[in-house]
Amino acid sequence: MKISLLFFLTVLTLYVPATFAQSAGAAKLTTGKEIYEGGCSGCHGGDGKGAPQSTIGFEKPESFPDFTKCDQTTPEDNWAWKSVIRDGGPSRAFSQIMPSFSGALTSRQMDEVIGYMRGFCKEKGWARGELNLPRALGTEKAFPEDEVVITTTLNANGTPSVSNEIVHEQRFGVKNQIEVSVPVSFERPERGKWYGGVGDVGLGVKRVLFSSLGSGSIVSAQGEVILPVGNRAHGLGSGVTTFENFVAYGQLLPWKTFFQFQAGADLPVDRAKAPDTAFVRTAIGKSFNQNEGLGRMWSPMVEFLGDRDLVAGMRTNVDVMPEMQVTISKRQHIRFDVGLRIPATNTAGRQKQVMFYLLWDWQDGKLLEGWK
Ligand code: HEC
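Computed from a predicted model, the values in this text were never measured in an experiment.

Trainee: I'm lost on a nonpolar patch on the surface in this one. Help?
Mentor: Judged by side-chain polarity, Val180, Val198, Leu203, Leu227 and Val229 come together as a nonpolar surface patch covering roughly 360 Å² of accessible area. Position of Leu203 relative to the elements: it lies in strand β5 (residues 201-212).

This is how it looks when you write it as structure tokens:
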């Protein structure tokens, strides 16, 4: 039973693209529609929803795509699809039933068929995954996400301290995302004495105002309320409810370089407890993919982080942070980023900090799924 299934899969994955290459005269197919109908619709269905179970002869994996579902397809960028088409399902830790078309289709034909498949999502307004730029440590991004991020900040000198922020982000509707953030900090003000706890919890809503793959840009706005649940006496909370509002802008530039910008303000309801603060953050970077542009992704970035209390006589804090993000799972849904945050102005009493995060895009797969 097992052997015959294995045999069947081998035949399917080696034979299907090979016979397609010869018999259908794949080289002659030029339009995306012709390529799709010649090589893909047998499994994926003429309408992109997947061919009926009775005709395909394999058991559809749980993650088998329905290309008409915009919420599932638009977050995937063309590079991810091309990697699966060129190198087969296993290139992104998907099922081996999805064959490799590297011998059957040219790079250009793959781009054509991807263009055709993009037409299966009929609903307008979904931001495309290409605009989902690598998340920076300090600058919030414009793209709405389904992810969990745990960011850790360590003082590199001065008072030892460790702070973590756990952020859960979840999309809803075409353009919106909710966000819950929970900070957890530990500090050692004197030798042998550590204390810690939960800080002020934030609840936010983000909405995409504009996105265009043509111009490579995305703009969002976020409103957030930060609740004073942290212990103020221990420096874990501000003791006052604060509204944080910001706009975020992402710009994809040629050769996978990018620019991200975020500007906003923290407005506490009682200014006697905390001042209004304005902030401007930017990240510039470039992504490099292994395996001829489709494999593991490395994204070096540098951020400039500015904030200023809106009180007469206060100076602006500017930090510079070089960092590197890397995709660690094969599916690229688990990522790691590490950077060094260096105060550049107003340096007295401000420490260098090491920051890193672990990110899980849970819409793309379970934590332990998608590694090999
Ligand atoms: C033998 C059946 C079969 C054929 C032929 C086939 N596919 Fe697939 N394809 C699959 C299966 C099964 C999956 C799902 C793999 C998984 O989720 O583990 C898949 C997944 C994909 C994905 C990944 C979608 C995602 O969720 O990221 C893309 C893109 C894709 N196929 C494109 C194509 C294109 C383009 C062709 C034709 C050139 C094609 N497939 C031909 C079976 C097939």
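Trainee: Help me out: how do you make sense of the pairing of strand β2 (residues 161-172) in this one?
Mentor: The two faces of the sheet receive side chains in turn, since in a regular strand these alternate between them. One ladder, built from eight bridges, connects strand β1 (residues 147-155) with β2; its direction is antiparallel. Along β2, the bridge assignment pairs Thr151 with Glu165. Pairing analysis gives 12 bridges linking β2 to strand β3 (residues 176-190), with the strands arranged antiparallel. Directly across from Ser161, in β3, lies its bridge partner Glu187. Between β2 and β3, which pair antiparallel in sequence order, lie three residues; one of them, Gly173, sits at a positive phi of approximately 65°.

Trainee: Looking at this structure, I do not really get the domain arrangement of the chain. What am I missing?
Mentor: Interface extent is often summarised as the accessible area lost during association of the parts. The assigned domain composition of the chain is domain 1 (2-118) and domain 2 (129-361). Between domain 1 and domain 2, the C-alpha centre-to-centre distance is 38 Å. In this assembly, 15 residues from domain 1 lie in contact with 12 residues from domain 2. Interface of domain 1 and domain 2: buried area, both sides summed, is about 1,300 Å²; carbon and sulfur atoms make up 51% of it.

Trainee: I'm lost on the site of the ligand in this one. Help?
Mentor: For the ligand, the set of nearby residues contains 24 residues, the closest of which are Cys40, Cys43, His44, Ser63 and Met98. Between the ligand and Ser95 there is a distance of 2.6 Å, counted from an oxygen atom to a backbone nitrogen or oxygen. Mapped onto the shell around the ligand, the elements with two or more residues apiece are α1 (2-23), α3 (41-44), α6 (78-87) and α7 (107-118). Take the shell around the ligand: its biggest share by element is three residues, from α6. Looking at the shell around the ligand residue by residue, the class counts come to 20 nonpolar, four polar and no charged.

Cut-offs used in this document
- For every chain, the first residue of its written sequence is number 1, and the numbers climb from 1 along that sequence.
- Residues qualify for local features only when their pLDDT is at least 70, as the model is predicted, and side-chain atom pairs are given and counted only at 80 or more; totals for whole chains, interfaces and linings, by contrast, use all residues.
- Water and hydrogen atoms play no part in the side-chain values, which are based on all heavy atoms of the structure.
- Note that patches include only residues with greater than 30% relative accessible area and no salt bridge, and the join distances are 9 Å for like charges and 5 Å for nonpolar side chains (Val, Leu, Ile, Met, Phe, Trp, Tyr).
- Each accessible area is a Shrake-Rupley result for a 1.4 Å probe, and residues are judged covered by the shown protein chains and nothing else.
- Any carboxyl oxygen of Asp or Glu that lies within 4 Å of a side-chain nitrogen of Lys or Arg is treated as forming a salt bridge with it.
- Starting at the N terminus, helices and strands are each numbered in turn, a helix being any DSSP run of H or I of at least four residues and a strand any DSSP run of E of at least two.
- Only when DSSP finds a minimum of two bridges between them are two strands counted as paired.
- Domain delimitation follows an automatic or database domain assignment.
- Two residues form a contact once any of their heavy atoms are found within 4.5 Å.
- Summed over both partners, the accessible area lost on bringing two parts together, with a 1.4 Å probe, is the buried area.
- If a single non-hydrogen atom of a residue is within 4 Å of a molecule or strand, that residue counts as near it.
- Under the rule applied, a polar contact is a pair of N or O atoms within 3.5 Å (in protein, one hydrogen donor and one hydrogen acceptor; residues adjacent in sequence only if both atoms are side-chain atoms).
- Classification convention: Asp, Glu, Lys, Arg as charged; Ala, Val, Leu, Ile, Met, Phe, Trp, Tyr, Cys, Pro as nonpolar; all other residues, Gly among them, as polar.

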